[in-house]
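# Coordinate analysis (summary)
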Amino acid sequence: MTNILIRDVPEEIHRKLVERAQATGVSLQHYLTTELTRLAQAPTLDEVIERIERMSGGTVGFEQAVDDLEEVRGER
């Protein structure tokens, strides 16, 4: 596994992250690893739009695009 070092985190942000980790009963390292994993696995808006274009050949109506986006979000 690799390491990530994040510098200059504002004190109030650090405090909030520590509180959230404690609330879930895990270390800050475990909490941040879980959150970073979730963030990396969630598709970006551009990825969602690209996936929708591939599914429908790039031509969809607004309502269909909204439905497709909700479906993709529901897969998370």
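What counts and how
Residues numbered from 1 in each chain as written. Predicted model: local features only at pLDDT ≥ 70, side-chain atom pairs only at ≥ 80, totals over all residues. Heavy atoms only, no water. Helix = DSSP H or I, 4+ residues; strand = E, 2+ residues; numbered from the N terminus. Rg over C-alpha atoms; globule rule 2.2 N^0.38 Å. Buried < 20%, exposed > 50% of the residue type's maximum accessible area, 1.4 Å probe, protein only. Lys, Arg positive; Asp, Glu negative; His and termini not counted. Charge placed at Lys NZ, Arg CZ, Asp CG, Glu CD.

This part covers the overall build of the protein. Across its full length, the protein holds 4 helices and 0 strands. Listing every helix and strand of the protein by position from the N terminus yields α-α-α-α. In terms of overall dimensions, the protein is more spread out than a globule: its C-alpha atoms have a radius of gyration of 18 Å, far above the 11 Å expected for 76 residues. Along the first, second and third principal axes, the C-alpha atoms of the protein reach 45 × 25 × 25 Å. The buried share of the protein, reckoned over its 76 residues, is 9%. Between the mean site of the 9 positive side-chain charges and the mean site of the 15 negative ones, the protein shows a separation of 8 Å.

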